[in-house]
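# Remarks on the overall topology
Given next are the chains, with one letter for each unit.
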Protein chains: 2
Amino acid sequence: MKKIEQCDNVVIHEEIVKKVEEQMKDEEELLSLADLYKVFADSSRIKILWALSVSELCVCDLAVVVKMTQSAVSHQLRVLKQAKLVKSRRDGKVVYYSLDDDHVHQIIALGLEHVLEK
Amino acid sequence: MKKIEQCDNVVIHEEIVKKVEEQMKDEEELLSLADLYKVFADSSRIKILWALSVSELCVCDLAVVVKMTQSAVSHQLRVLKQAKLVKSRRDGKVVYYSLDDDHVHQIIALGLEHVLEK
DNA sequence: TGAACATATGAACAACTATTCATATGTTTA
DNA sequence: TAAACATATGAATAGTTGTTCATATGTTCA
């Protein structure tokens, strides 16, 4: 009747585990953080965001710049808008998109720093 | 013989498109940026990174803290290591993981800022 | 040397997601 | 009002990825 428990059930360094558990963030908070990064985790969307960080653009021009179909761009803009990373304004037939927030640019810049360094 | 070209082929604002195209980053660079964010785009990995930002941990303790199986943690650590976000050192049977870089903490902090604000 | 243990890994499966294609919506203008 | 055009969207498909299960690797210690 010995404890044959595997690693999964046994803590090796009790003190440290306790300390880390205390400082652990809420499940929910880390989940929405992951969701935020999911949006950045696609090169099409990154291209779109980068382009928009240069200038406001309409969907049509955006499609040209990032070399995607209008439909694909539109689908992705929807995702970006839901994540509150871009906003849009309509002027007649044309809809213009731009970054919603300065964080977007910061996040991209910080990421590039890491990428270029490694 | 009119130009019936669709949006996909026609540029609406020539000046702006030219300007944005000039400032567009390399395909490759934006691709590795997206790849970097892919690593952050999963709540299991975010949990692991957050835990490691508190303290160096062995795989076993990490599994306890983030409530995952040892195998799942190990698979994810592999991903994190390949992305150079964590490093490891071995001490006997036990392998300790820690953040490889201060960028990791910065990126998480910046993301949280955005998440909490919106 | 062999048993016990911490970690790593390959294969398989399930879940998710980006694009395409077809078409709908909404706006302008002839 | 009808045609032309910019954008949006639903369904289907193909590709990607995280977890599990089983097992392998590497280390210590009796």
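See the structure printed just above.
Anyway, here's the lowdown on the structure attached to this text. (Residues numbered from 1 in each chain as written. Chains lettered and ligands numbered in written order. Predicted model: local features only at pLDDT ≥ 70, side-chain atom pairs only at ≥ 80, totals over all residues. Heavy atoms only, no water.)

Before going further, it helps to spend a moment on the overall build of chain A. Across its full length, chain A carries 6 helices and 3 strands. Ordered by position from the N terminus, the helices and strands of chain A form the series α-α-α-β-α-α-β-β-α. For 118 residues, the compact-globule formula gives about 13 Å, and the C-alpha radius of gyration of chain A, at 21 Å, lies well above that figure. Along the first, second and third principal axes, the C-alpha set of chain A runs to 75 × 30 × 25 Å. Taken over 118 residues, chain A has a buried fraction of 47%. At a minimum sequence separation of 6, the contacts of chain A that also span at least 24 residues come to 49%. For chain A, the accessible surface area stands at approximately 6600 Å², while carbon and sulfur atoms represent 47% of it. Put simply, chain A has 17 plus and 20 minus side-chain charges, and the middle of one group is 7 Å from the middle of the other. (Helix = DSSP H or I, 4+ residues; strand = E, 2+ residues; numbered from the N terminus. Rg over C-alpha atoms; globule rule 2.2 N^0.38 Å. Buried < 20%, exposed > 50% of the residue type's maximum accessible area, 1.4 Å probe, protein only. Contact = heavy atoms within 4.5 Å. Areas by Shrake-Rupley, 256 points an atom, 1.4 Å probe, with all protein chains shown as cover. Lys, Arg positive; Asp, Glu negative; His and termini not counted. Charge placed at Lys NZ, Arg CZ, Asp CG, Glu CD.)

Moving on: the relation of the copies chain A and chain B. Once chain A has been moved 0.0 Å along the axis and rotated by 180 degrees, it coincides with chain B to within an RMSD of 0.1 Å. Expressed as a symmetry operation, the mapping of one chain copy onto the other fits a two-fold axis. In terms of proximity to the rotation axis, the leading residue of chain A is A:Tyr37, whose C-alpha is 2.9 Å off the axis. By residue overlap, the copies meet face to face through one surface: 100% of the interface positions of chain A are interface positions in chain B. (Least-squares fit on C-alpha atoms with pLDDT ≥ 70 in both.)

Quick look at the packing of aromatic side chains now. Under the definition given, this model contains 3 aromatic pairs over all chains. Ring plane angle 5 degrees and centroid distance 5.6 Å describe the contact between A:Tyr37 and B:Tyr37, whose orientation is recorded as stacked. Here B:Tyr37 lies in helix α2 (residues 27-40) and A:Tyr37 lies in helix α2 (residues 27-40), a pairing that spans two chains. By relative accessible area, B:Tyr37 is classed as buried at 0%. Residues A:Tyr37 and B:Phe40 carry aromatic rings whose centres are separated by 5.3 Å and whose planes lie at 45 degrees to one another, so their mutual orientation is tilted. Here A:Tyr37 is found in helix α2, whereas its partner B:Phe40 is found in helix α2 on a different chain. Ring pairing ties together the aromatic residues A:Tyr37, A:Phe40, B:Tyr37 and B:Phe40, which thus form one cluster. (Phe/Tyr/Trp six-rings, centres within 6.5 Å; stacked < 30°, edge-to-face > 60°.)

Turning our attention to the protein's contact with DNA strand C. Near DNA strand C, the surroundings consist of 26 residues, among which A:Ser44, A:Gln76, B:Cys60, B:Ser71 and B:Tyr97 are the closest. Atoms of DNA strand C within 4 Å of the protein: sugar and phosphate make up 64%, bases the balance. A distance of 2.8 Å is found between a base oxygen of DNA strand C and a side-chain nitrogen or oxygen belonging to B:His75. In the environment of DNA strand C, a phosphate oxygen lies 2.6 Å from a nitrogen or oxygen atom belonging to the side chain of B:Tyr97. Those elements that provide at least two residues to the surface near DNA strand C are α3 (43-54) and α5 (70-82) of chain A together with α4 (59-66), α5 (70-82) and β3 (94-99) of chain B. For the surface near DNA strand C, the element with the most residues is α5(B), which contributes 5 residues. (Near = heavy atom within 4 Å. Polar contact = N/O pair within 3.5 Å; in protein donor to acceptor, adjacent residues only side chain to side chain.)

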